Amino acid sequence: MGFYFEKGRLFCDGVKVEEIVAKTGTPIFLYSFDELKARVNDLKQYIDPTILAYAVKSNGTLAILNYIKELGSTFDVGSLGEFKLLQRIGADPMRSVFSGLGKTPECLDAIISNNIGFISIDDPGELRKIDQVASKLSKKIKVLFRINPDIDAKTHKYITTGLYQTKFGMDETGFSRSLQMVKESSCLQFSGIHIHIGSQVGGIEPFSKVVDYVLKLSREVKFEYVDLGGGFPIPYDSKPLGVDIKSIGEEYRKLKNSGMKIIIEPGRYIVGNAGILITSVILNKKIGKKNFLVCNTGMNSLIRPPLYDAKHTVLKLNLSSAIDQIPWNVDNIGNIKYDVVGPICENTDFFARDINLDEVKEGEPLAIFSAGGYGCVLSSNYNGYPKLAQYGVMNSRLIQLTKAEDCNEIVRNDLLI
Ligand SMILES: Cc1ncc(COP(=O)(O)O)c(C=O)c1O
């Protein structure tokens, strides 16, 4: 079911969001567990990978990880902290991937001694260190080589990771050196390659180029696995995406047909549209001709608009037109132009600019959609604001996933000297 409007009222998995807000207050993050399940099922149906490894970086809330684990997914983690989350939920490390860029000795010790399934190697310089740790711990480690194929993902430059001007992966020289190093080691097992060219990939062409690249490489070097990363785009507004999961699956089938085992690491596709941020307007102000709705949380809770120029659909929970629609397809409801902003002392503190809404009164809640991925996980205490509580609807029941921080907790690690 997910999030949808029924006769102009917002629902989450069959529960009216106004009723949820009456119980919880705002600001909160709210998640639809049905949406999580539907998106995982899409990936199983259209891509059917050998390993589905949810990218923990997109949302590491324990209840969400646990649910995704129960749906049969494993995980892609990028730091010791994320690895600890897997241990907390009892996930099987042997089917998970570690793909962090800067791997500290402490982190390598922990993931290798706890039998991580695959380590993605970003540079030949890392291999020597991993070899040493594996040999000290008498372990054999499956390694994937992360390749930078110099392919443009056609997305925002801050989430582009497959071009040579970005810091990720190795070029052909690094790849050959790494292969040589593996041959000389008794602890490293070359299992395959890893390519993640970016997030919210813009169109089918970048996916096709990656597939062609991998097919060409496989004619020169034999490997069992190809980890194709994440990057599957989701709607944030009514603009067409230019690619759907089915067409990506058809591209990836070419790799399967030539005998490769596929790993994928989607994050945004699973959680992005499964979460919303609900905030209330605390001040309705006008400067010149401009109307501002000042909300009770801001960029400390959702930094995507200023950080990535991201557009998020923002709507009232109760629309004047009695539409039945999914929220990110709803355009131009209302005839007052607003900037929806936060309370933080920065001009970058906004959720949406120049959007049309019905009149919004002080105290009214607003929903900011597609905030499930890279939303709460990127939140901070900037300007002295506490992190928000997170709730979810599971089997039509409202459950609390995390507690809100208290203002006093913000200084808990600060030493007064
Ligand atoms: C290595 C790697 N894999 C997977 C992902 C998940 O990407 P997405 O959320 O676009 O699916 C990321 C995100 O940046 C990543 O860096």
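Model, not experiment: these values are computed from the prediction.

Focus on the overall build of the protein
If you tally the helices and strands in the protein, you get 11 helices and 20 strands. In terms of C-alpha radius of gyration, the protein reaches 22 Å, essentially the compact-globule figure of 22 Å for 417 residues. Across the 417 residues in the protein, those meeting the buried criterion constitute 47%. By sequence separation, contacts in the protein at least 24 residues apart represent 71% of the contacts at least 6 residues apart.

Quick word on the sheet that holds strand β9 (residues 141–146)
The eight strands lie next to each other as β5-β6-β7-β8-β9-β10-β11-β12, forming a closed barrel whose pairing is parallel. Relative to strand β12 (residues 261–264), strand β5 (residues 51–55) is paired through two bridges, and the arrangement is parallel. When the bridges of β12 are listed, Ile51 appears paired with Ile263.

Points about the site of the ligand
Taken together, 17 residues lie around the ligand, and Ala55, Ser199, Gly230, Gly267 and Arg268 are the ones closest in. When its residues are assigned to classes, the shell around the ligand shows four nonpolar, nine polar and four charged.

Remarks on the packing of helix α8 (residues 205–220) against helix α9 (residues 245–257)
One can describe the packing of α8 onto α9 by two numbers: an axis separation of 9 Å at closest approach and a directional angle of 5°. Here α8 lies roughly parallel to α9, going by the angle between them. Counting all contacts with α8, which are made through Phe207, Ser208, Val211, Val214 and Leu215, the residues of α9 involved are Ile248, Glu251, Tyr252, Lys254 and Leu255.

Here's the deal with helix α4 (residues 80–88)
Looking at α4, one finds that the buried residues are Glu82, Phe83 and Leu86. Projected down its long axis, α4 carries its buried residues within an arc of 105°, all on one side. Summarising the geometry of α4, the exposed residues directed more than 90 degrees from the buried face are Gly81, Lys84, Gln87 and Arg88. Residues of α4 that are buried in the fold lie against β6 (74–77), β7 (97–98) and α5 (105–113). Just past α4, the residue Gly90 takes up positive phi, approximately 70°.

Observations concerning helix α6 (residues 124–136)
Between its first and last C-alpha, α6 extends 19 Å over 13 residues, near the 18 Å set by a 1.5 Å rise per residue. Following α6 by one or two positions, Ser138 has its phi on the positive side, about 50°.

Description of the domain arrangement of the protein
Structurally, the protein comprises domain 1 (3–31 + 272–411) and domain 2 (32–269). The interface is formed by 29 residues belonging to domain 1 together with 24 residues belonging to domain 2. Of all elements in the fold, only α11 (304–308), β19 (389–394) and β20 (397–402) reach the threshold of two or more residues within the side of domain 1 that touches domain 2. For the side of domain 1 that touches domain 2, the leading source of residues is β19, giving four residues. For the side of domain 1 that touches domain 2, the per-class residue count stands at 14 nonpolar, 11 polar and four charged.

Quick notes on the environment of Ser191
Within the secondary structure layout, Ser191 lies in strand β10 (residues 188–194). Residue contacts for Ser191: discarding those within four places in its chain leaves Phe118, Lys142, Val143, Leu144, Phe223, Glu224 and Tyr225.

So, the pairing of strand β8 (residues 118–121)
Neither face of β8 is left uncovered, since the one carrying Phe118 and Ser120 and the one carrying Ile119 and Ile121 both have all their residues buried. Across two bridges, the pairing between β7 and β8 is parallel. Its bridge partner lying in β8, Val97 is registered against Phe118. With α5 bridging β7 and the parallel β8, this β-α-β connection has right-handed handedness. Two strands pair when backbone bridges link them, and β8 and β9 are joined in this way by three bridges, in the parallel orientation. When the sheet's bridge partners are listed, Ile119 is paired in β9 with Val143. Regarding topology, α6 serves as the crossover connection from β8 to the parallel β9, and that connection is right-handed.

Quick look at the environment of Tyr374
Checked against the element boundaries, Tyr374 lands in the loop between β18 (365–368) and β19. By C-beta crowding, Tyr374 is classed as buried, having 24 other C-beta atoms within 10 Å. Excluding anything up to four places from it in sequence, Tyr374 contacts Ser58, Arg268 and Arg304.

A closer look at the environment of Leu398
For Leu398, the position within the fold is in strand β20. Along the backbone, Leu398 and Asp13 are 385 residues apart, and their C-alpha atoms lie at a distance of 9.9 Å.

Concerning the sheet that holds strand β1 (residues 3–6)
In space, the three strands of this open sheet follow the order β1-β2-β3, with antiparallel pairing throughout. What marks the edges here is a single partner per strand, and that holds for β1 and β3 (15–16). The pairing of strand β2 (residues 9–12) with β3 spans two bridges and is classified as antiparallel. Residue pairing for β3: Cys12 is matched across the bridge by Val15.

Considering the pairing of β1
A one-sided burial pattern is seen for β1, the buried positions being Phe3 and Phe5 and the unburied ones Tyr4 and Glu6. Here β1 pairs with β2 via four bridges, running antiparallel. Paired with Glu6 across the bridge in β2 is Arg9. The antiparallel pairing of β1 with β2 creates a hairpin that spans two residues between the two strands, and Lys7 there sits at a positive phi of about 50°.

Cut-off values and rules
- Residues numbered from 1 in each chain as written.
- Predicted model: local features only at pLDDT ≥ 70, side-chain atom pairs only at ≥ 80, totals over all residues.
- Helix = DSSP H or I, 4+ residues; strand = E, 2+ residues; numbered from the N terminus.
- Rg over C-alpha atoms; globule rule 2.2 N^0.38 Å.
- Buried ≥ 20, exposed ≤ 12 C-beta atoms within 10 Å, placed from the backbone.
- Contact = placed C-beta atoms within 7 Å.
- Pairing = 2+ DSSP bridges.
- Near = placed C-beta within 6 Å.
- Nonpolar A, V, L, I, M, F, W, Y, C, P; charged D, E, K, R; others polar.
- Axes fitted to C-alpha atoms, helices over the stretch in contact; angles between N-to-C directions.
- Parallel < 35°, antiparallel > 145°, perpendicular 65-115°, else oblique.
- Arc of directions from axis to C-beta.
- Expected span 1.5 Å × (residues − 1).
- Domains from an automatic or database assignment.
- Right-handed = clockwise from strand over helix to strand, strands pointing away.

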